[in-house]
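The chain contents come next:
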Amino acid sequence: MKNKKFYITTPIYYPSGQPHMGHAYSSIIADVIARFKRNDNYDVHFLTGTDEHGLKIQKAASKAGLKPLEYCNKISDIFRQLNVKLNLSNDDFIRTTEKRHFNSVQHLWKQLVDSGDIYLSKYKGWYSVSDEAYYNSDEIVEKNGKKISTFSGSLVEWVEEESFFFKLSAWEDKLLEFYEKNKKFIIPVSRRNEVINFVKSGLKDLSISRTSFTWGIKVPNNEKHVIYVWLDALTNYLSALNYPNLNNDLYKKFWPASLHVIGKDILRFHAIYWPAFLLAANIEPPVKIFSHGWILSGEEKMSKSKGNILNPLEIIDIYGIDETRYYLMKEVSHGSDGNISLKSLENCINSDLANNYGNLCQRVFSFIKNNCANNVEAYKDKLDSDQKIINETKNIIGELRNLMEEQNINSYIKSVINISFLTNKYINDEEPWKLKSSNVKRMNNILHLALEQIAKISILLNPIIPISTSKVLDALNVKKSNRNLSFLDGENILSEKISIAPLNILFKKIT
Ligand code: MSP
């Protein structure tokens, strides 16, 4: 029985425009981690969805000439389709316009009223509709006669209206205490420091309702106010587990969330507001927030307004989904921004997938087909060169769980692809083709070891490139129930005698 639980989420996306590479990036990170954890025998719940309320969406709908819900139905569906294209393994897709979510948000609101953390007053200050965020005066500059946020560069407007407030200032010390006790709550450390410094500089109470538009969840017993879209949106992580039904199996099993994957632009909401709301409502905060960097195109954040969007759907159609996933996960360093281009995508596909892992599989499979009638047997006697690659692999593998535990996917991939490189080198050095008539037993041993390496590499790369690695594992006749990470603790995957099935070309070299 599985007793290790893992609840992982992506941000829920604004359906205010078409999905782009940045969205795909957040989702693929979460998917890779979810798949890794499933392969490592965890019971995983993986959630994604769309964030459909607020002024930004209301405006986008009216621009499109549609009612907000009609508009959201349309775009939310496009995000669902993208998820299929991205080969996401999510267990649930939540929309904030669903009834289960309304109940959950209104209940959380009432909890905050009961705890004495909400009061009515008037908001006077800056607001960015594009970020759905309030900014302090010292976070605003004037550029070309327009006021913009120094944090995001988005246009801000002056707002004065009656508003309910959350007593965020009262949670300053408790938040700092919480960060101190939970050193890994925010990853990477640079982001953690940023958050701690921001909290230390003083928190102001947060406006959590608006009266100047209607598209949102109403404040309980007050039709005039809609709940601030970020309080609404963050609650999705609870609604999907059927909160406030605390006895519900999903909630009991999966809360607190193990990991929220988010971009650095929405860190403040997740690392400050979210734990403050939860602590105030007496709900345990999530275990960890991983804040990734931005995908840049030509050194700039990819965004609709900058017109530098690489459309993920087009790229997947041209290059393939495994290739796109691999590239995004390998190219961008842990927590940093990463510049992407078609040129480096093509280089990456050629060097890592076609010439390295793909070539390893192809050369070994076709050699065995042509010379051993698809059958290979391992014999006891091992040479030093065999032991050397076995040990090198063991050393690399020993670090992999930690790398994934730290969400360091690009280092994880580099390590695994290095095993593939070493295995190619082992075959070059051992030259099994020279042993065809002189030493068939030795040739079998070399090939068997190469297949064992291929099986390990395939299981390790499976979270990143699930389609191609499944083809290899199918061709190796590895049972589905054996495609897990128990070999990390030292076991072998393949039996002594193996029959393989034919394997077609996995990755086409781009010329
Ligand atoms: N709706 C909010 C999230 C609410 S979560 C309770 C939101 N939506 S978003 O659609 O604007 O962005 C969603 C995610 O996409 C964020 O994690 C954001 O960082 C990510 N990206 C959007 N553009 C990006 C890049 N160019 N690069 C990498 N990720 C970026 O914010």
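Residues numbered from 1 in each chain as written. Predicted model: local features only at pLDDT ≥ 70, side-chain atom pairs only at ≥ 80, totals over all residues. Heavy atoms only, no water.

Re the overall build of the chain
Note the threshold: Each helix corresponds to a stretch of at least 4 residues labelled H or I by DSSP, and each strand to a stretch of at least 2 residues labelled E; elements are numbered beginning at the N terminus. As defined in this context, the radius of gyration uses C-alpha atoms, and a globule is described by 2.2 Å times the residue total to the power 0.38. Each residue gets one of three labels from its accessible area relative to the maximum for its type: buried under 20%, exposed over 50%, partly exposed in between, using a 1.4 Å probe on protein chains only. Whether two residues touch is decided by their heavy atoms; if any such pair falls within 4.5 Å, the residues are in contact. Methods summary: accessible areas were calculated by the Shrake-Rupley approach with a probe of 1.4 Å, and residue burial reflects only the protein chains presented. All tallies of charge rest on Lys and Arg as positive and Asp and Glu as negative; His and the ends of each chain are not included. In plain terms, the charge of a residue is placed at NZ if it is Lys, CZ if Arg, CG if Asp and CD if Glu.
Secondary structure summary: the chain contains 18 helices and 20 strands in total. In terms of overall dimensions, the chain is globule-like: its C-alpha atoms have a radius of gyration of 26 Å, near the 24 Å expected for 511 residues. Seen through its principal axes, the chain has C-alpha atoms that stretch 90 × 45 × 40 Å. Across the 511 residues of the chain, 58% fall into the buried class. By sequence separation, contacts in the chain at least 24 residues apart represent 77% of the contacts at least 6 residues apart. Accessible surface, the chain: about 22000 Å² in total, of which carbon and sulfur atoms supply 48%. The positive charge centre, built from 66 side chains, and the negative charge centre, built from 58, are 3 Å apart in the chain.

Structural notes on the sheet that holds strand 1 (residues 5–13)
Applied cut-off: Any two strands between which DSSP finds at least two bridges are classified as paired. Angles run from 0 to 180 degrees between N-to-C directions of axes, and those axes are lines fitted to C-alpha atoms, restricted for helices to the stretch in contact.
Here six strands make up an open sheet; going across it, the order is 3-2-1-14-15-9 and the pairing parallel. Since the sheet does not close on itself, it has two edges, and those belong to strand 3 (92–95) and strand 9 (186–187), each with one partner. Bridging between strand 9 and strand 15 (residues 289–292) involves two bridges; their strand directions are parallel. Looking across to strand 15, one finds that isoleucine 186 is bridged to isoleucine 289. Sheet contacts for helix 3 (residues 68–85): strand 1, strand 2 (43–50) and strand 3; angle to strand 3, the most-contacted strand, approximately 160 degrees.

A few points about the nonpolar core
We count it as follows: Put simply, buried Ala, Val, Leu, Ile, Met, Phe, Trp, Tyr and Cys residues joined by side-chain atoms within 4.5 Å make one nonpolar core. Segmentation into domains, and thus their bounds, comes from an automatic or database assignment.
Ranked by internal contacts, the top residues of the largest apolar core, which has 92 residues, are Ile8, Met329, Tyr357, Tyr412, Leu451 and Leu460. Looking at this core, the element that brings in the most residues is helix 13 (residues 342–372), giving 13 residues. Viewed by domain, this core spans two of them, domain 1 (4–339) and domain 2 (342–499), each represented by three or more residues. Discounting residues that sit within four places of it in the chain, isoleucine 8 has contacts with Ala30, Ile33, Ala34, Val44, His45, Phe46, Leu47, Leu259 and Val261.

What to know about the pairing of strand 7 (residues 146–149)
Summarising the sheet, strand 6 (residues 140–143) and strand 7 pair through four bridges and their orientation is antiparallel. Pairing of lysine 143 across the sheet is with lysine 146, part of strand 7.

Remarks on the site of the ligand
Rules: The cutoff for a nearby residue is simple: one of its non-hydrogen atoms must lie within 4 Å of the molecule or strand. Whenever two N or O atoms come within 3.5 Å, that pair is a polar contact, provided that in protein one can donate a hydrogen and the other can accept it, and provided that, for residues adjacent in sequence, both atoms are side-chain atoms. Under the scheme applied, nonpolar residues are Ala, Val, Leu, Ile, Met, Phe, Trp, Tyr, Cys and Pro; charged residues are Asp, Glu, Lys and Arg; polar residues are all the others, including Gly.
The immediate surroundings of the ligand are formed by 25 residues, with Ile12, Asp51, Gly263, Asp265 and Ile295 found nearest. Tyrosine 14 is positioned with one of its backbone polar atoms (N or O) 3.2 Å from an oxygen atom of the ligand. Contact distances for the ligand include 2.8 Å between an oxygen atom and a backbone N or O atom of glycine 263. Put simply, the parts of the chain that give the shell around the ligand at least two residues each are strand 1, helix 1 (21–39), helix 7 (229–234), helix 8 (236–239) and strand 14 (259–263). For the shell around the ligand, the per-class residue count stands at 13 nonpolar, nine polar and three charged.

Some thoughts on the domain arrangement of the chain
Selection criterion: Simply put, the buried area is the total loss of 1.4 Å probe accessible area from both parts when two parts are fitted together. Salt bridges are defined by distance alone: a side-chain nitrogen of Lys or Arg within 4 Å of a carboxyl oxygen of Asp or Glu.
Each assigned domain of the chain is listed with its residue range as follows: domain 1 (4–339) and domain 2 (342–499). Look at where the C-alpha atoms of domain 1 and domain 2 centre, and you get two points 39 Å apart. In this complex, domain 1 contributes 27 residues to the contact, which on the side of domain 2 involves 32 residues. At the boundary of domain 1 with domain 2, total buried surface from both sides reaches about 2900 Å², with 64% on carbon and sulfur atoms. Summed over the three residues of domain 1 that lose the most area to domain 2, namely Phe36, Asn39 and Tyr326, the buried surface amounts to 26% of that side. In this assembly, domain 1 and domain 2 are joined by three salt bridges. Its salt-bridge partner being aspartate 352, residue lysine 330 comes within 2.6 Å of it at the nearest N-O pair. Across the contact surface, domain 1 and domain 2 share 16 residue pairs in polar contact (both at pLDDT 80 or more). Residue assignment for the side of domain 1 that touches domain 2 shows that the elements contributing at least two residues are helix 1, helix 11 (312–319) and helix 12 (321–331).

Overview of the packing of aromatic side chains
Here a ring pair, both rings aromatic, is described through the centre-centre distance and the interplanar angle of the planes. To keep it simple, the criterion reads: Any two of the Phe, Tyr and Trp rings considered here, Trp counted by its six-membered ring, make a pair once their centres fall within 6.5 Å; the pair's planes then place it as stacked at under 30 degrees, edge-to-face at over 60, or tilted in between. Whether a charge sits over a ring comes down to the Lys NZ or Arg CZ being within 6 Å of the ring centre and within 35 degrees of the ring normal.
Inspection of every chain in the model, using the stated rule, returns 23 aromatic pairs. Measuring from centroid to centroid gives 6.2 Å for tyrosine 179 and phenylalanine 185, while their planes differ by 20 degrees, and the two rings are stacked. Exposure class is identical for tyrosine 179 and phenylalanine 185. Each is buried. Aromatic side chains tryptophan 255 and tryptophan 274 sit 6.4 Å apart centroid to centroid with 80 degrees between the ring planes, which places their arrangement in the edge-to-face category. Within this pair, whereas tryptophan 255 is found in the loop between helix 9 (249–254) and strand 14, its partner tryptophan 274 is found in helix 10 (residues 267–280), the two being separated by 19 residues in sequence. When its relative accessible area of 9% is taken as the criterion, tryptophan 255 is described as buried. Here tryptophan 274 falls in the buried class, since its relative accessible area comes to 0%. Members of the aromatic cluster, joined through ring pairs, are Tyr119, Tyr123, Tyr127, Tyr134, Phe165 and Tyr228. The ring of tryptophan 171 has lysine 174 lying over it, and the distance from NZ or CZ to the ring centre is 4.8 Å. For arginine 268, the ring lying beneath its charged end belongs to phenylalanine 151, and the centroid distance is 5.1 Å.

Remarks on helix 13
Every α-helix winds through 3.6 residues per turn, so residues three or four apart in the chain are directed the same way. For clarity, the threshold we go by: Fitting axes to the seven residues that end at a residue and to the seven that start at it, the angle between those axes gives the bend at that residue.
Bending of helix 13 peaks at approximately 50 degrees at the position of asparagine 359. The positive-phi residue at the C-terminal boundary of helix 13 is alanine 373, with phi of around 50 degrees.

Digging into the environment of leucine 69
Mapping leucine 69 onto the fold places it in helix 3. With 146 residues separating them in the primary sequence, leucine 69 and tryptophan 215 have C-alpha atoms 9.2 Å apart. For leucine 69, the residues in contact, after removing those within four places along its chain, are Arg95, Thr97 and Trp215.

Points about the sheet that holds strand 11 (residues 209–210)
Strand order in the open sheet made by the three strands is 11-13-12, with antiparallel pairing throughout. Across the chains shown, the open sheet's two edge strands, defined by having one partner strand only, are strand 11 and strand 12 (218–219). With two bridges joining them, strand 11 and strand 13 (residues 222–227) adopt antiparallel strand pairing. Residue pairing for strand 13: serine 209 is matched across the bridge by isoleucine 227.

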